[in-house]
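# Descriptive structure summary
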Amino acid sequence: MLELTILGFLYERPLHGYELKERIQGLSGHVRPVSDGALYPAITRLVKNGLVDSRTEPGTGAAPRRTLSLTGAGRADLFARLRAPKDVEISDGQRWFTLLAFLGRLPDPAEQAAVLRRRQAFLDAPTSFFYEEGAPVRAEQEPDLFRQGMLRIARATGTEEKAWLTEALAELDRRSQEDTPRT
């Protein structure tokens, strides 16, 4: 996900390493802070693979700074990652939010909708944090006050996300139809 996040932010504009770290921290730092020990090796891999360009610029009263920008291959890689996210990127809440932060960069509404439909299918499958005899436990069945809270919060969040997905898919389907040439 770190590489997707780097590519996504560099799609928007070239950034210095520190600016990039700040943006990543803003997106997910409160949940999964990014360390220099993870960020800079990821940047190095992306540069080595030709997905990111790194050039040195004079600093403003300090040492020279490295400016990072997305290459054409990096743009293609970003689109490929957005078109075909891993299952864990659909099912894990924080990874999903990261993916969602950049999904709008895909130019094709039908491809965007395909990703949203995968999330919708995931949310429609019965699930719970707790199971009894193989069946998901519902909040109303849970005697523990705190587990009941977990289940109620998850249900409320899921209900709202499902409503948004329905609205977003209707809009993307409308856009897809507008983009389709009529014969």
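Refer to the structure printed above.
Notes on the structure in this doc start here.

About the cut-offs
Residues numbered from 1 in each chain as written. Predicted model: local features only at pLDDT ≥ 70, side-chain atom pairs only at ≥ 80, totals over all residues. Heavy atoms only, no water. 1 Å grid on protein atoms, 1.4 Å probe; cavity = no way out; pocket = protein on both sides within 12 Å on 5 of 7 lines; lining within 4 Å. Points joined across faces, edges and corners; volume = space filled by probe spheres on them. Helix = DSSP H or I, 4+ residues; strand = E, 2+ residues; numbered from the N terminus. Nonpolar A, V, L, I, M, F, W, Y, C, P; charged D, E, K, R; others polar. Polar contact = N/O pair within 3.5 Å; in protein donor to acceptor, adjacent residues only side chain to side chain. Contact = heavy atoms within 4.5 Å. Buried < 20%, exposed > 50% of the residue type's maximum accessible area, 1.4 Å probe, protein only. Core = buried A, V, L, I, M, F, W, Y, C linked by side-chain atoms within 4.5 Å.

## Details of the layout of surface pockets
Put simply, the largest pocket is a space of about 830 Å³. For the lining of the largest pocket, the secondary structure elements donating two or more residues are α6 (93–103), α7 (109–124) and α8 (145–179). The leading source of residues in the lining of the largest pocket is α8, at nine residues. Residues that form the lining of the largest pocket fall into these classes: 13 nonpolar, eight polar and seven charged.

## What to know about the side chain of Thr-71
Residue position: Thr-71 is located in the loop between β3 (65–70) and α4 (72–83). Only 2.6 Å separates the side chain of Thr-71 from the backbone oxygen of Gly-50, close enough to count as a polar contact. Ignoring any residue separated from it by four or fewer positions in sequence, one finds Thr-71 in contact with Gly-50, Leu-51, Val-52 and Asp-53.

## What about the environment of Phe-97?
Along the polypeptide, Phe-97 turns up in helix α6. The exposure class assigned to Phe-97 is exposed, which follows from its relative accessible area of 51%. Measuring from C-alpha to C-alpha, the distance between Phe-97 and Leu-27 comes to 8.6 Å, with 70 residues separating the pair along the chain.

## Some details on the nonpolar core
With 34 residues, the main nonpolar core has Ile-6, Leu-20, Leu-82 and Leu-116 as its most contacted residues. Secondary structure elements with two or more residues in this core: α1 (2–12), α2 (17–29), α3 (36–48), β3, α4, α6, α7 and α8. Per-element tally for this core: the top contributor is α1, with five residues. Aside from chain neighbours lying at most four places away, what touches Leu-116 is Trp-96, Leu-100, Leu-103, Trp-164, Leu-165, Ala-168, Leu-169 and Leu-172.

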